[in-house]
Every structure is written in structure tokens, then in C-alpha cells.
Amino acid sequence: MSVEDRLSGPLPDVAGEAGHTGHPPRVGFFTDTSVCIGCKACEVACKEWNAVPEDGLDLLGMSFDNTGALGANTWRHVAFVEQPRPPGGPGTAPPPGAPEDLGMPSFDLPGAKTGADGRTDFRWLMASDVCKHCTHAGCLDVCPTGALFRTEFGSVVVQQDICNGCGYCVSGCPYGVIDRRPDDGRAQKCTLCYDRLHDGLEPACAKACPTDSIQFGELDELRERAAHRVEQLHERGLAEARLYGHDPADGVGGTGAFFLLLDEPEVYGLPPDPVVPTRELPAMWKYAGMAASALLAAAVAAFGGRRR
């Protein structure tokens, strides 16, 4: 396997590459946003089990989303995406400034009977976001102290007693997941409930989810289950349903937490084409070497001309 392959692309055995022998199968999350009801049980369970500090519950003016984004004190974030009626056609949006008629609550799946071409009603898209535990994790690659490590389950965890708060991992994450706490400066993020996995328990968020929107299990089995779910939704007329983060050939080698979405990733605040920064290292060193060689040649020519 070449250096380029180890820095990006499919990596069948991430735990083995990290030095774990006889390790269990890689596990992760499959989040089916089509059945998320926005109850935030996952947020509460995550905070309670991991003793994550309360993060203010600020009124951000963004629907019922009072956390805004993932951060050091928000390891699970339930996004509420309000989508008004498309302009034109029946059920057109009201004039600017006029109140939006949300109608009566419905028991249909989010997006049901409201495809990309025929949607005429206001709808909410809800999704519980979390650390992706990437196959090629930018945060892990750039950590200078070894505070981040790959577990035998394939997840990525921060060791608080080793983190020096440098912040390299923050800029190295293509998803903007990991962050530093303002009080001590150390990085924090989801651990996939590493302590619970050791005891054979599923993560607290998945355990608390009442609709099984967050599903936990072996990653290969979850991918099969997700592909079947997408087929089901397509048969029911939700042509816009698609998977995000499941492809081992993407810019991070596939993620340990992937999603079924009902719209483009950008709608949910997710990057459309995330790339691990270290993927470009071979090319960067190549161009740096070429530049250094050109500089050396210019210096030799300049000093050689002076001697003559």
C-alpha cells in the first residue's frame, strides 16, 4: 500500500493500522434523519453520561435549535432546518414579512409527499449530528502530543490528560466537529462512549433515541441496512433521499458515523465534499522539493557568476 493510499482512500482495517491486534469489528452510527423527531433525547443522554457541561441553551433565533453547532460542550447537536414553500405554483410562500402558516402537525415522515420537484408545503428537516470518527481523521493526523488515538473499535478519542490545547486538531477537522473548552483550552468531542463499548453497551445517544433514528452497530452491517432504507424511501417517492459519509472512496475514506439525508448536505450544515487535509501531503512535499531545488539552482548560478 502506497503512502497516498494510507493518507486517503479506503482503509479496510483502521484499528489494525493503528496497531490493534485481535480487535473487534469496527462499529459506528447510522443516523436516519427521515425518522428523527427532534426530541433531543440524544443530546440529553450524551451530556448526562459523559458529564458534558451545559452549554447555555441560547435562544439563537434558529427555530428550536438552541445549540447551533457541535462544539466542546455539545457532542450531539440536533439541527432543525426550516424549509419554506418553494416560490411559485400552488401553495406559494406568503409575501415578505407575512407569517408562515405551519399548518397542523402531521404524522407523515419528514419530506413525505414533498419531493424536490413537487414540494409545496413548509417542512422541517431534523438531524442529529455527531463526530464522524473518520477513517482518515484529520484531527488525529495533526495532533503533536498523541492526545488523540484510534481505539480498537475504530473510533477516535481525545485523552484529556495529554491534550495541551494547541488547537491543531480544530483546524484539521474538515467537519468543524472538535473544539476547545474556553476554561482550560483542551479539545473535546464525542468518544463514541468508549467506556460503554468496553462493557458491551451501545452509546448513550443511540440507547436514548425513541425512533431508532440513531442506529449503532458494526459498520459493514449498518451500511447494508442504510442502502436498503434508501431503496425503501425511493420506492415511496422520496427521490431526494441519499446517504452521506458512507462511501470509503470519499475524501476521508468513509466515516464511522454516516447519515441518510432528505436534501443536499449543505442544507444540514454539512460540507458537500470533505477532504482530510493530510491527503495532499505527498503533493505538498513534492512541490516544496521542486521549489527548494529551483532556489538552490538559482543560488548556485548567482554565486558561480560572481566567482567568474
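Student: Any chance you could break down the pairing of strand S2 (residues 77–83) for me, citing the residues and the numbers?
Tutor: The buried fraction of S2 amounts to 6 of the 7 residues, a majority that puts the element mostly inside the structure. Where S2 meets strand S3 (residues 123–129), 7 bridges bridge the pair, whose relative direction is antiparallel. Among the inter-strand pairings, Ala-79 is bridged to a residue of S3, identified as Ala-127.

Student: Explain the environment of Asn-50 to me, and be specific about the residues and the numbers.
Tutor: Secondary-structure assignment places Asn-50 in helix H3 (residues 41–50). Setting aside residues no more than four positions away along its own chain, Asn-50 makes contact with Trp-75, Thr-191 and Cys-193.

Student: Lay out the sheet that holds strand S8 (residues 214–218) with the relevant residues and their values.
Tutor: The strand order across the open sheet formed by 4 strands is S8-S1-S10-S9, and the pairing between neighbours is mixed. Lying at the two open borders of the sheet, with one neighbouring strand each, are S8 and strand S9 (242–244). Sheet twist, expressed as the mean angle between neighbouring strand axes with direction ignored, is 25 degrees. With 3 bridges joining them, S9 and strand S10 (residues 257–261) adopt antiparallel strand pairing. Its bridge partner being in S10, Tyr-244 is matched across the sheet by Phe-259. On the sheet, helix H8 (residues 219–235) packs against strand S1 (27–32), S8, S9 and S10 and is oriented at approximately 135 degrees with respect to S8.

Student: Pulling in residues and values, what's your account of H3?
Tutor: Considered for burial, the residues of H3 that qualify are Cys-42, Glu-43, Ala-45, Cys-46, Lys-47 and Asn-50. Each element contacted by the buried residues of H3 is listed here: S2, S3, helix H7 (204–208) and S8. Phi turns positive, to about 55 degrees, at Ala-51, one or two residues after H3.

Student: Describe the nonpolar core, listing the residues and the values that go with them.
Tutor: Side chains of a nonpolar character, in soluble globular proteins, are inclined to be buried together. Of all hydrophobic cores here, the largest spans 61 residues; its most connected members are Phe-29, Leu-148, Leu-260 and Leu-262. Not counting residues within four places of it along the chain, the set of residues in contact with Leu-148 comprises Cys-139, Leu-140, Cys-143, Val-156, Val-157, Val-158, Cys-169, Ile-178 and Lys-189.

Student: Break down the environment of Ile-162 for me, citing the residues and quoting the values.
Tutor: Mapped onto the secondary structure, Ile-162 falls in the loop between strand S5 (156–158) and helix H5 (168–172). Ile-162 sits in the partly exposed class, given a relative accessible area of 32%. Considering only alpha carbons, one finds Ile-162 and Ala-147, 15 residues apart in sequence, at a separation of 5.0 Å. Residues contacting Ile-162, with those up to four places away along its chain left out, are Thr-145, Gly-146 and Ala-147.

Analysis parameters
- Residues numbered from 1 in each chain as written.
- Predicted model: local features only at pLDDT ≥ 70, side-chain atom pairs only at ≥ 80, totals over all residues.
- Heavy atoms only, no water.
- Buried < 20%, exposed > 50% of the residue type's maximum accessible area, 1.4 Å probe, protein only.
- Helix = DSSP H or I, 4+ residues; strand = E, 2+ residues; numbered from the N terminus.
- Pairing = 2+ DSSP bridges.
- Contact = heavy atoms within 4.5 Å.
- Axes fitted to C-alpha atoms, helices over the stretch in contact; angles between N-to-C directions.
- Core = buried A, V, L, I, M, F, W, Y, C linked by side-chain atoms within 4.5 Å.

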